[in-house]
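# Geometric and topological summary
Read off the chains here:
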Amino acid sequence: MEKAAVQGDGLVIPLIDFSKFLGGDESQKLETAQAILKGFQTAGFIYLKNIPVTAATRAHVFGTSTKLFRLPLETKLSLGWTTPEANRGYSAPGREKVTQLTDISEVEKVRSSAPDIKESFEIGREGEPEHPNQWPAEKGELAGFRATMTGFFEQCKALHVEVMRAIAVGMGLEGSFFDGFVDVGDNTLRLLHYPAVKKEVFQINPGQVRAGEHSDYGSITLLFQDSRGGLQVKSPNGQFVDATPIEDTCVVNAGDLLARWSNDTIKSTIHRVVEPPQGTEDEHPPRYSIAYFCNPNFKSHIEALPGTYATPADKKYDGINSGQYLVQRLTATY
């Protein structure tokens, strides 16, 4: 029995040793896969420990991300995010508003009243001439930035494949069932910086958050967070519960497209980033996190998975193209 990483108000997020799936015997693999699936079915979130991405690698990537955000604003804006189709480059604080709203005018109202207090930098897979990555100049403390990020991208891509294999095993499918859906790597590595902020900002505007409540769009998200805290997950009872950072773990949550793919047997749970737990200072220090948004290949056709329906009439959704779906969802947030 895996212990809970988060527990409160009916929400239980398990802490799972992923090495038992990667290197355990058949019984351990099955038990771990079933625990992963259950976590996604009940909470929509899990914490994984003993993943193949080492602590030293994660620390190096975090350090490199910090150096990027130290660049002058003018330099960062020259690497600016352009379109949902590309989904690459820099977004300044206040540009993106993550939300469950889909009407662009309504999103703009929320953005104006309580903009997200964060900046981000998106990196997609290499080798797409129409949508090249926006790389900073390789000089000074950013020498090696591209190699660091592309290497991390590939490690996260491999972890995505393994988590999807675990989901397949948990569902009673062939372990390789999803391989042909996720082998291209149409994913997004997002570096996130939540700048230092005065506590009074949250007191003056009670609706202010660092990132608004939302669900993610794709298959799964791999989240690496620092120790600052602030991530909250919505419980089955409608309350937000702190998802406290646990050292040497990766938080993994299911996205909307995986929920749709599973005929809603898997949950895509709403979450947000708020004012961190109260300290004694007048200002909250910066928070850094790294999210790797995993998607089915953009050319993939997504429809209800085997075993999630008894008859065709039980399918809740029509089939959909992965890439078109994701672009539609991204369009409303920028």
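Data block above holds the structure.
Figured I'd write up the structure that's included with this text. Everything numeric in this text was worked out from a predicted model, so none of it was measured.

### Structural notes on the packing of aromatic side chains
Between two aromatic rings, the relevant description is the distance of the centres plus the angle of the planes. Summed over all chains, the structure comprises nine aromatic pairs. Pairing W135 with F145 gives two aromatic rings, centres 6.1 Å apart and planes at 70°, and the pair type is edge-to-face. Here F145 lies in helix α6 (residues 145-170) and W135 lies in the loop between β5 (119-123) and α6, a separation of 10 residues in the sequence. Note on F145: relative accessible area 0%, which makes it buried. With a centroid separation of 5.1 Å and 85° between ring planes, the pair formed by F177 and F178 is classed as edge-to-face. Overall, the relative accessible area of 28% leaves F177 in the partly exposed class. Over the ring of F240 we find R272; its NZ or CZ atom is 3.9 Å from the centre of that ring.

### Focus: the sheet that holds strand β8 (residues 211-214)
If you trace the four strands from one edge of the open sheet to the other, you get β8-β13-β10-β11, paired in antiparallel fashion. Of all the strands in the sheet, the pair left with one neighbour each is β8 and β11 (240-242). If you compare each strand with its neighbour and ignore which way they point, the axes differ by 20° on average. Here two bridges tie β8 to strand β13 (residues 271-273), and the two strands are oriented antiparallel to one another. Note that in β13 the partner of A211 across the bridge is V273.

### Some remarks on the state of the cysteines
Throughout this description, disulfide means a covalent bond between two cysteine sulfur atoms. With the rule as written, the count across this model stands at zero disulfides. C250 provides the cysteine sulfur closest to C156, a residue in no disulfide bond, and the two sulfurs are 7.3 Å apart. Take C294: it sits in no disulfide, and the sulfur closest to it among the cysteines is that of C156, at 7.4 Å. Since its relative accessible area comes to 0%, C294 is described here as buried.

### Digging into the pairing of strand β12 (residues 249-254)
Among the six residues of β12, six are classified as buried, and the element is accordingly described as predominantly covered. What you see with β12 is no split at all: T249, V251 and N253 on one side and C250, V252 and A254 on the other are buried throughout. Pairing of strand β3 (residues 45-49) with β12 involves five bridges; the strand directions are antiparallel. In the strand pairing of β12, F45 is matched with N253.

Reading the values: the criteria
- Residues numbered from 1 in each chain as written.
- Predicted model: local features only at pLDDT ≥ 70, side-chain atom pairs only at ≥ 80, totals over all residues.
- Heavy atoms only, no water.
- Phe/Tyr/Trp six-rings, centres within 6.5 Å; stacked < 30°, edge-to-face > 60°.
- Helix = DSSP H or I, 4+ residues; strand = E, 2+ residues; numbered from the N terminus.
- Buried < 20%, exposed > 50% of the residue type's maximum accessible area, 1.4 Å probe, protein only.
- Lys NZ or Arg CZ within 6 Å of the ring centre and 35° of its normal.
- Pairing = 2+ DSSP bridges.
- Axes fitted to C-alpha atoms, helices over the stretch in contact; angles between N-to-C directions.
- Disulfide = S-S within 2.5 Å.

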